[in-house]
Structure formats: structure tokens, C-alpha cells
Amino acid sequence: MEIGVHTGDFSSQILRIVQPKALHCVDPWKYEDSEIYAAACYGRSVKDGQIGMDARYLAVCTRFHDAIRTGQVVVHRGYSSDVLAKFPDNFFDWIYIDGNHLYAYIRSDLEISFKKVKPHGYITGDDYTDGGWWQGGVKKAVDEFMQEQAVSVVLLRNGQFVLQKTG
Ligand SMILES: C[S@@+](CC[C@H](N)C(=O)[O-])C[C@H]1O[C@@H](n2cnc3c(N)ncnc32)[C@H](O)[C@@H]1O
């Protein structure tokens, strides 16, 4: 699963490199007008606001049309917490977290992902850095999560994190 799809560039790389049996792509494609999201790629810079986000969603569906038809790609338009809740526990081989970067959302994505990946599955994601418009929320949440949960650190590099579920 990829949480946070945007225009599908990373989804496309996952498909090409990993060649997964199935890739679940999750994004609400919801325009956020409030100040805190001003610098986010779904904030005030989006041309035409929600209409622009709707166009982005349709472009992703078009981009992956063939893979959607074969069932290799499943696009879920919704919030990660809602979409993940619909899957059984211990379901995914791995989840890549790159959705809402604010601390509370990353904490929630990590906790739910922990339940939803298989034993020895991977919880991975982007922007494990200080700063950013999310004020280091990803790094703070991941650092806490690594201390509290049964995971081992596989890799922390170039803002990417890869954790493996051990419990
Ligand atoms: C940084 S972009 C993702 C980039 C993409 N992973 C890539 O590398 O090409 C963040 C995306 O997260 C989405 N998003 C925001 N809140 C979300 C949430 N609660 N659940 C899932 N996705 C969310 C936004 O709509 C946006 O498209």
C-alpha cells in the first residue's frame, strides 16, 4: 500500500521496480485551504482548489488504467485511517507512508500500519527529516514509534525510513 499518491510518480516506480501482485493506492485528493497546509502539495498552491484535486485523481486513474483493469492497482479515494480500517490485520507485505505529514496523522498511520502488515512485514515512508511545513512531525512520530513498538530499523537514509515488524 502507498499512503499518499499525489500524481502517482512514486506509485509508477513501485510498479516498475517492485512489480507487486497488488498495489493499493490511497489518497483523498482533498484540497486543504487552511494556513497549516499552505505549503503542502494539496494546499493553497493547487490551481483551482478542489477542482484541481479532482483532476489529479482522474489523471491517476487514467495513468494506471491498464493496471487497474487487471486488478494490479486499486485506487482508494479516502483517508488512510478509513481505508486501512477496512483491511484485515496482518494483510500487507509493506506499507509506504507519505500522506498527511503532521505528527498526529503520522502517529495514526504508523499505529494502524503496524496492525495491518504481516509479521516481519515492512512499515516504510518518506520525509523522515527535521523541519518542513509539517515541522518535523514525521521524524518525531517515527522516533517515538521505534521506541514503543516491536519493530527493528532496517534503514534510515535520505529522508526514507524502513522499519520491520518483529512482534
Ligand atoms: C507528498 S504527497 C505524496 C507523494 C507520492 N507518494 C509520491 O512520492 O509521488 C502527499 C499526498 O498525501 C495525500 N494525503 C493527505 N492527507 C492524507 C490522508 N489522511 N490519507 C492519505 N493521503 C493523504 C495528499 O492528498 C497528497 O497527494
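Fair warning: this is a prediction, and the values are worked out from it, not measured in the lab.

A. The arrangement of the nonpolar core in detail. In this structure, M1, I95, I97, L110, I123, V142 and F161 are the most contacted members of the largest nonpolar core, which totals 42 residues. Per-element tally for this core: the top contributor is helix 6 (residues 137-148), with five residues. Excluding its chain neighbours within four sequence positions, the residues that come into contact with I97 are I3, I106, D109, L110, S113, I123, T124, G125, D126 and F161.

B. Here's a closer look at the pairing of strand 6 (residues 151-157). Here six bridges tie strand 6 to strand 7 (residues 160-165), and the two strands are oriented antiparallel to one another. When the sheet's bridge partners are listed, L156 is paired in strand 7 with F161. Between strand 6 and strand 7, which follow one another and run antiparallel, lie two residues, and N158 among them has a positive phi close to 50 degrees.

C. Highlighting the sheet that holds strand 7. Spatially, the seven strands line up as an open sheet ordered 3-2-1-4-5-7-6, and their pairing is mixed. The open sheet is flanked by strand 3 (73-77) and strand 6, the only strands paired with a single partner. Relative to strand 7, strand 5 (residues 117-125) is paired through four bridges, and the arrangement is antiparallel. In the strand pairing of strand 7, T124 is matched with V162. Across the sheet, helix 1 (residues 9-17) touches strand 1 (2-3), strand 2 (23-27), strand 3 and strand 4 (92-97), and the angle it forms with strand 2 is around 175 degrees.

Calculation notes
- Residues numbered from 1 in each chain as written.
- Predicted model: local features only at pLDDT ≥ 70, side-chain atom pairs only at ≥ 80, totals over all residues.
- Heavy atoms only, no water.
- Core = buried A, V, L, I, M, F, W, Y, C linked by side-chain atoms within 4.5 Å.
- Buried < 20%, exposed > 50% of the residue type's maximum accessible area, 1.4 Å probe, protein only.
- Helix = DSSP H or I, 4+ residues; strand = E, 2+ residues; numbered from the N terminus.
- Contact = heavy atoms within 4.5 Å.
- Pairing = 2+ DSSP bridges.
- Axes fitted to C-alpha atoms, helices over the stretch in contact; angles between N-to-C directions.

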